[in-house]
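# A structural walkthrough
Each chain, letter by letter, is given below.
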Amino acid sequence: MSVPSLDRGQWSGKLGFILAAAGSAIGLGNIWRFPYTAGENGGGAFVLIYLVFVALIGVPVLLAELAIGRKTQRNPVGAFKALVPASWWPLVGGLGVLTGFGILAFYSVVAGWTLGYLFMAVTGALHEATTADVSGTIFTGLVADPLWAIVLSGLFLVLTIVIVRGGVSGGIERATKILMPLLFLILLALAVRATTLPGAVEGIAYLFKPDFSRIDAGVVMAALGQALFSLSLGMGAMITYGSYLPERENMPFAGVSVAIFDTLIAVLAGLIIFPALFAAGGDPSGGPGLVFIVLPTIFNALPGGTVVAIAFYALLAIAALTSTISLLEVVVSYFVDERGWSREKAAWLIGGLCFVLAVPSALSQGAVAALSGGDEGLIAWDFLTLNNNVWGNYSLSIGAILICIFVGWKWGLPNAIASLEASGDRLPAAGAWGVLVKYVCPVVILILLIFIVATGTYF
Ligand code: PFF
């Protein structure tokens, strides 16, 4: 069945797509979440399992999403509508659009903190973070300050809106073509700096030497959850970005490149953080505070630490920005394609609404007790964590399972392969890909979902 085409913009070519999609994938998940998750789960063993999941689950699901996107050239809802009209499948796309909105509303809060840290690094306020205690106080001072937390996430959303409103090639592609090379450069410079510190070898060993005694179900599931989140899977971000890839471009190559870049950047982030941490005698299992509380003290102990701190938080902000762009774009593409809104109106209205929803998350890190979880909270989780658990855990895994079932069992592998091979380039190991999408991925991700529900462990 052929799908009528809409005039909705395209990437100028393969490179534009790869940079934008890698920009979506590479984010706080790589530089903030991956290192502390690896640290909490024993280092090398976690990293090894993570790599296996990226290859066996991440890449197949990524290609499945891209196939749907390019065939239909639509947002996630329109894509399912175009392929199976008069069915409930478009609801899967609807869940994706909702999830994009939900993730953006808490992701932009943490992204806002990166801007706050960048400001503090530039103004020298971060210099005082010489001990863990002071550093912790600085962190709390930022995230529990209602004004700062709200203003910073609002600022981050405005940056995102301004880029998304510029369109696919004129806004997103143009911005990512500047931001991504900048990100690589900063990352590389920081990795060289960190790995040449005295005592860095221990950190490198921690990242790469697997200690198999650390592996249990929790470590395996954390690796899988991290792989899905890091590759931006399960909510149609890759359906949307794939929908702007011209037919002439080699899609399997572009998709695999995105996964490789994403993984490389996560490992490089680990190569910055662990050597620096071990050189300073820090604890790798510091949890979510790792990059905001532990790192500033380490930067302050380094010669030229101010420059390193500025570079690091700029890196974090850039990585977050190219991801928030894709989160907003999923929702915007729905309103542009399906509701006929102008891109300008969609970007501002949805971005604005997202800001409203981001406020309770911004206030949930100590500013307002009722939203901050624990004994005084309305519920046990703080609002930011609640959003992460609902959208980042349940919704992404449910979405990824349904997308695999759709491609494997409803739309059919031959159709998906035809879409992936539309440029005339072959999908390598197409048979294996089919088995993975049809059987392995849905079952393995279902196990993750059951694990999350049964144990109450969230990632
Ligand atoms: N992949 C992003 C990260 O690792 O930070 C997060 C993300 C972006 C998830 C876009 C989902 C998405 F659609």
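Please refer to the structure higher up on the page.
In short, a report on the structure. Computed from a predicted model, the values in this text were never measured in an experiment.

### So, unusual backbone geometry
Within the chain, S232 stands out as a residue other than glycine whose phi angle is a positive 55°. Here S232 is to be found in the loop between α10 (217–230) and α11 (237–242). For S232, a relative accessible area of 13% gives the class buried. Unusually for a residue other than glycine, A429 sits at a positive phi of about 50°. Its place among the elements puts A429 in the loop between α16 (383–420) and α17 (430–455).

### Focus: the site of the ligand
Inspection of the region around the ligand gives 15 residues, with A25, G29, Y107, F229 and M235 positioned closest. The separation between an oxygen atom of the ligand and a polar side-chain atom of Y107 is 2.5 Å. Within the side chain of S232, one N or O atom sits 3.0 Å away from a nitrogen atom of the ligand. Calculation on the ligand without its partners gives an accessible area of 340 Å², and the protein chains cover 100% of this total. Residue composition of the shell around the ligand, grouped by class: seven nonpolar, eight polar and no charged.

### Brief notes about the environment of G29
One can find G29 in helix α2 (residues 28–40). Residues G29 and L62 lie 33 residues apart in sequence; the distance between their C-alpha atoms is 16 Å. Look past the residues within four positions of G29 in its chain and what remains in contact with it is F34, Y107, Q226 and F229.

### Describing the side chain of T240
Tracing the backbone shows T240 in helix α11. The residues touching T240, leaving out its near neighbours within four places in the chain, are P76, E329, V330 and S333.

### Looking at the packing of aromatic side chains
Following the criterion strictly, the structure yields 28 aromatic pairs and no others. Here the aromatic rings of F335 and W341 are separated by 4.5 Å at their centres, their planes lie at 35°, and the arrangement is tilted. Site record: aromatic cluster; members linked through ring pairs are W113, Y117, F139, F292, F299, F312 and Y313. Its guanidinium or amino end placed over the ring of W341, K345 lies 4.4 Å from that ring's centre, counting from NZ or CZ.

### As for a nonpolar patch on the surface
A surface patch of nonpolar side chains, about 390 Å² in accessible area, is lined by I405, W409, V435 and Y439. Counting only elements with at least two residues in the nonpolar patch, the list comes to α16 and α17. Among the secondary structure elements, Y439 is positioned in helix α17.

### Regarding the pattern of salt bridges
Once the charged atoms of two side chains with opposite charge are near each other, the side chains can pair. For the structure on display, the rule yields eight salt bridges. A salt bridge links K177 to E173, with the shortest nitrogen-to-oxygen separation between them at 2.9 Å. Of this pair, K177 and E173 both sit in helix α8 (residues 168–195), four residues apart, which is roughly one turn of the helix. On the accessibility criterion, K177 (35% relative accessible area) is partly exposed. The partner of R343 in a salt bridge is E329, and the shortest N-O contact between them spans 2.9 Å. Remark: E329 occurs in helix α14 (residues 305–339) and R343 occurs in helix α15 (residues 343–362); sequence separation between them is 14 residues.

### Focus: the state of the cysteines
All told, the structure shown has zero disulfides when counted by the stated rule. Not engaged in a disulfide, the cysteine C441 finds its nearest cysteine sulfur in C404; these two sulfurs lie 4.7 Å apart. Residue class for C441 comes out buried when judged on its relative accessible area of 0%.

### Topic: the packing of helix α6 (residues 132–143) against helix α13 (residues 290–301)
It is at 9 Å that the axes of α6 and α13 come closest, and there the two elements cross at 135°. Between α6 and α13, the interaxial angle falls into the category oblique. Classified by chirality, the crossing of α13 by α6 is right-handed. Only F292, I293, P296 and T297 of α13 make contact with α6, whose side of the interface consists of A132, S135, G136 and F139.

### Observations regarding the environment of T297
Note on placement: T297 falls in helix α13. You can call T297 buried: its relative accessible area is 17%. Note: C-alpha distance between T297 and A222 (75 residues apart in sequence) is 28 Å. With residues near it in sequence (within four places) discarded, T297 still touches A129, T130, T131, A132 and S135.

### Observations regarding the packing of helix α1 (residues 14–25) against α8
Orientation of α1 relative to α8, taken along the N-to-C sense of each, is 75°, at an axis distance of 9 Å. Between α1 and α8, the interaxial angle falls into the category roughly perpendicular. Each of L15, G16, L19, A20, A22 and G23 in α1 lies in contact with α8, whose residues at this interface are I172, E173, T176, K177 and M180. For the contact of α1 with α8, the class distribution of residues is six nonpolar, three polar and two charged.

Parameters and conventions
- Residues numbered from 1 in each chain as written.
- Predicted model: local features only at pLDDT ≥ 70, side-chain atom pairs only at ≥ 80, totals over all residues.
- Heavy atoms only, no water.
- Helix = DSSP H or I, 4+ residues; strand = E, 2+ residues; numbered from the N terminus.
- Buried < 20%, exposed > 50% of the residue type's maximum accessible area, 1.4 Å probe, protein only.
- Near = heavy atom within 4 Å.
- Polar contact = N/O pair within 3.5 Å; in protein donor to acceptor, adjacent residues only side chain to side chain.
- Areas by Shrake-Rupley, 256 points an atom, 1.4 Å probe, with all protein chains shown as cover.
- Nonpolar A, V, L, I, M, F, W, Y, C, P; charged D, E, K, R; others polar.
- Contact = heavy atoms within 4.5 Å.
- Phe/Tyr/Trp six-rings, centres within 6.5 Å; stacked < 30°, edge-to-face > 60°.
- Lys NZ or Arg CZ within 6 Å of the ring centre and 35° of its normal.
- Patch = residues over 30% accessible without salt bridge, like charges linked within 9 Å, V, L, I, M, F, W, Y side chains within 5 Å.
- Salt bridge = Lys/Arg side-chain N within 4 Å of Asp/Glu carboxyl O.
- Disulfide = S-S within 2.5 Å.
- Axes fitted to C-alpha atoms, helices over the stretch in contact; angles between N-to-C directions.
- Parallel < 35°, antiparallel > 145°, perpendicular 65-115°, else oblique.
- Left-handed = near helix turned anticlockwise from the far one by under 90°.

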